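Geometric and topological summary
Spelled out, the chains give:
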Amino acid sequence: MNETIELLRRRRSLPPQGMAGPGPSGQEIDALLTVASRVPDHGKLTPWRFLVFEGAARDRAGAIAARILESDDPTISQSRRQAELTRFSRAPLIVGVISRAGPHVKIPEWEQVLSAGAACMNLVIAANSMGYVTAWLTEWCAYDRRFCEAIGVAADEKIAGFVHIGRPNMISEDRPRPALADIVSRFDA
């Protein structure tokens, strides 16, 4: 097997709480985002963009999430509040992949959404190939318009994912994968 196939065979997600620094350098981040942008893109629309959370910006994003939850329920527990405050600071780097899919005369919106998903996956694979671990997550804040607006996601945009990137500080077992017999069929005309 070649190195790429081996990487894909062993690739797995690690929860952000299992990540530590140091995160990617500026040069590595540029390389990651360059690779992430090299995905199928019917019509060359670039129907996605990247929002980088590093350093103190991660804490500011967590504070926004905590404020929103507290405004909905002033009685949230201290542990839940703390979980929100640290939501974006568990990994040294988080890249939000923002889908800009929209109506187009020739390019179906669904293909544009898939392109944003491909950008997430390219980012995951590129980070793993550099020796980092990743987790591609959304969670509640990706679907909360107040949070999205507060971090600069426009009304016509959606969060395809937050890709958490760091170094492993724990070992996590792989999850069971589906048997090919359960997920593969062959068309026979």
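One can find the structure itself at the top, above this paragraph.
To start, this report covers the structure provided alongside it. (Residues numbered from 1 in each chain as written. Predicted model: local features only at pLDDT ≥ 70, side-chain atom pairs only at ≥ 80, totals over all residues. Heavy atoms only, no water.)

Describing the packing of aromatic side chains
Counted under the stated rule, the structure contains 6 aromatic pairs. Feature note: the residues F53, F88, W140, F147 and F162 constitute an aromatic cluster, connected by ring pairs. (Phe/Tyr/Trp six-rings, centres within 6.5 Å; stacked < 30°, edge-to-face > 60°.)

Considering the layout of surface pockets
Considered as a void within the structure, the largest pocket measures approximately 290 Å³ in volume. As for the largest pocket, its lining consists of 17 residues, and the residues nearest its centre are S99, E157, K158, I159 and A160. Here the lining of the largest pocket is built from residues that sort into 10 nonpolar, 2 polar and 5 charged. Here the second largest pocket is characterised by a volume of approximately 250 Å³. Along the lines of polarity and charge, the residues of the lining of the second largest pocket split into 7 nonpolar, 4 polar and 3 charged. (1 Å grid on protein atoms, 1.4 Å probe; cavity = no way out; pocket = protein on both sides within 12 Å on 5 of 7 lines; lining within 4 Å. Points joined across faces, edges and corners; volume = space filled by probe spheres on them. Nonpolar A, V, L, I, M, F, W, Y, C, P; charged D, E, K, R; others polar.)

Here's the deal with the packing of helix α3 (residues 56-72) against helix α4 (residues 78-85)
The N-to-C vectors of α3 and α4 enclose an angle of 145°; their axes lie 7 Å apart at closest approach. Residues D59, G62, A63, A65, A66, L69 and E70 of α3 touch α4, and the partners they reach there are R80, R81, E84 and L85. In terms of residue class, the contact of α3 with α4 is made up of 5 nonpolar, 1 polar and 5 charged. (Axes fitted to C-alpha atoms, helices over the stretch in contact; angles between N-to-C directions. Helix = DSSP H or I, 4+ residues; strand = E, 2+ residues; numbered from the N terminus. Contact = heavy atoms within 4.5 Å.)

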